[in-house]
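Listed here are the chains, written in short residue letters.
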Amino acid sequence: MKKLSIALLPGDGIGMEVVPAARKVLEKSGAAAGVHLSFEQFDWGSDHYFRMGQMMPVDALERLRAHDSILLGAVGHPDIPDHITLNGMLLPIRRGFDLYVNERPAYLYAGVESPLRGYEPGAIDMVVVRENTEGEYTNVGGFVYHHLPEEVAIQTSVFTRHGCERIIRYAFDLARRRNQKRKVASITKSNAQGYGMVLWDRIFREVSAEYPDIETESLLVDAAAMNFVRRPASFDVVVASNLFGDILSDLSAIVTGSIGLAPSANLDPRRNAPSLFEPVHGSAPDIAGKGVSNPLATILAAAMMMDHLGEPEMSASIEGAVRAVLADGKVLTADLGGRSTTADVTAAVLAHLA
Ligand code: GGG
């Protein structure tokens, strides 16, 4: 029997509700597929910060490295500045394991209504490929005259040839693997940002020459935001920097119905380290603890994880169960217009699992 060990990092807020939901789905699906899944849960995050002064222990990466994969819920607490929680947990894992790809698919499922009218199920089907280890999230900078009236803050973005080239190449390879519209859109703001993003544009042109079978377009991020709303069905693979990919993937999530349906994969394609899977959404403190959060993004992230771990049938059966729940339309959380709880939706997915 194949054995896989999964590190669970529920984190904060609704992360503590959606990760246990996904675990139940993985357990049932693994048992049906003859895959033995073992889980180790790490209760790191804001409560750990309150107790220990840090979001996770110093040996966190070493402990995570012992696992085949990581499933994370959310990071963020209303009483801790967001730059401390994010830079204390999620970003150090992405950088520490060099998980340079953040794949964020957005698909309009049957039974889900897009706020944009007139799109058939499946008509919007894109993947935002976000650069995940450098760019605007490198967090290099500092304060001068800190807390004085003449205060200055410097925040530097870092774009390396190595970093741009590998993420752009991944996007082209993904467009080939998906074999759908066979298009890659590259997003920058190189009219205003005259160094890093000009380098990105130049590398995009160089790499695209190696993929003559893939159609390309280069968009400024403001035009891209407009076109995600105006012509979302035209996009296939969209490659963007860390910040622009983060922003655009919230937009692609809402045009396909809800951020509560948006999964993501933080990948090291060379597989030197465990990859990390998570919902795109955050800790949602406004609804945390009420049992009404949508677990489907995390369940879909778990499906992406099983595909990455070499279990495509398990992945397809989990995604199929989610599709069935959505198409049925009877058991939905509030973000999708329903009144069901996290537990109801999880039970519905479990009932549809083959
Ligand atoms: N699901 C993880 C989470 O809490 N995401 C919220 C967030 O702010 N993420 C920032 C990022 O993905 O860089």
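Going by what an unreviewed UniProt entry lists, the protein chain is known as 3-IPM-DH and is assigned to Paludibaculum fermentans. According to UniProt, the comment filed for the protein chain under the heading Sequence similarities (unreviewed entry) is "Belongs to the isocitrate and isopropylmalate dehydrogenases family. LeuB type 1 subfamily."

Peer 1: Residues and numbers for the pairing of strand β1 (residues 2–11), please.
Peer 2: With 8 of 10 residues buried, β1 lies mostly within the body of the structure. The sheet contact formed by β1 and strand β2 (residues 35–41) spans 7 bridges and is parallel. For A7, the partnering residue across the bridge sits in β2 and is E40. With helix α1 (residues 15–33) bridging β1 and the parallel β2, this β-α-β connection has right-handed handedness. As defined by bridge partners, β1 adjoins strand β3 (residues 69–74) across 5 bridges and the pair is classed as parallel. The residue bridging I6 from the neighbouring strand is S69, located in β3.

Peer 1: I'd like a rundown of the pattern of salt bridges, residues and numbers included.
Peer 2: Oppositely charged side chains can form a pair if their charged atoms are brought close together. Taken as a whole, this structure holds 22 salt bridges when the rule is applied. Across the pair D246 and R130 runs a salt bridge whose closest N-O atoms are separated by 3.6 Å. Taken together, the positions of D246 in helix α9 (residues 242–255) and R130 in strand β5 (residues 125–131) put the pair 116 residues apart, joining distant regions of the chain. Residue classification places D246 among the partly exposed residues on the basis of a relative accessible area of 22%. Across the pair D328 and K330 runs a salt bridge, and its minimum N-O distance is 3.2 Å. On the basis of relative accessible area, D328 is assigned to the partly exposed category, the value being 40%. Residues participating in the shared-partner salt-bridge network are R161, E165, R169, E206 and E210.

Peer 1: Provide a residue-level description of the packing of aromatic side chains, including the pertinent values.
Peer 2: Across all of its chains, the model carries 7 aromatic pairs by this definition. Taking 6.4 Å as the distance between ring centres and 70 degrees as the angle between the ring planes, the aromatic pair formed by Y49 and F50 counts as edge-to-face. You can call F50 partly exposed: its relative accessible area is 46%. When the centroid spacing of 6.5 Å and the interplanar angle of 80 degrees are considered together, the rings of F159 and W200 count as edge-to-face. You can see F159 sitting in the loop between β7 (152–158) and α6 (161–178) and its partner W200 sitting in helix α7 (residues 196–208), a full 41 residues away along the chain. Of the two residues examined, F159 and W200, each falls in the buried class. Each member of the aromatic cluster is reached from another via a ring pair, and the members are F172, F204 and Y211.

Peer 1: Can you explain the confidence of the model for the protein chain? Please cite residues and give values.
Peer 2: Per-residue confidence for the protein chain gives a mean pLDDT of 98, with 100% of residues at or over 70. Prediction confidence for the complex, expressed as pTM and ipTM, is 0.97 and 0.95 respectively.

Peer 1: Explain the layout of surface pockets to me, using residue names and the numbers behind them.
Peer 2: Of the pockets and cavities examined, the largest pocket occupies roughly 910 Å³. Of all the secondary structure elements, the ones that give two or more residues to the lining of the largest pocket are β4 (101–107), β5, α6, β11 (263–267), α10 (296–308) and α11 (312–328). The residue inventory of the lining of the largest pocket, partitioned by class, reads 21 nonpolar, 4 polar and 8 charged. Around the second largest pocket sit 26 residues that line it, and V75, L86, V280, H281 and G282 are the ones nearest its centre. Put simply, the parts of the chain that give the lining of the second largest pocket at least two residues each are β3, α4 (82–88), α5 (90–96), α9 and β12 (275–279). Per-class residue counts for the lining of the second largest pocket are 12 nonpolar, 7 polar and 7 charged.

The rules behind the values
- Residues numbered from 1 in each chain as written.
- Predicted model: local features only at pLDDT ≥ 70, side-chain atom pairs only at ≥ 80, totals over all residues.
- Heavy atoms only, no water.
- UniProt positions renumbered as here; feature names shortened; annotations may be inferred.
- Buried < 20%, exposed > 50% of the residue type's maximum accessible area, 1.4 Å probe, protein only.
- Helix = DSSP H or I, 4+ residues; strand = E, 2+ residues; numbered from the N terminus.
- Pairing = 2+ DSSP bridges.
- Right-handed = clockwise from strand over helix to strand, strands pointing away.
- Salt bridge = Lys/Arg side-chain N within 4 Å of Asp/Glu carboxyl O.
- Phe/Tyr/Trp six-rings, centres within 6.5 Å; stacked < 30°, edge-to-face > 60°.
- pLDDT = per-residue confidence, 0-100.
- 1 Å grid on protein atoms, 1.4 Å probe; cavity = no way out; pocket = protein on both sides within 12 Å on 5 of 7 lines; lining within 4 Å.
- Points joined across faces, edges and corners; volume = space filled by probe spheres on them.
- Nonpolar A, V, L, I, M, F, W, Y, C, P; charged D, E, K, R; others polar.

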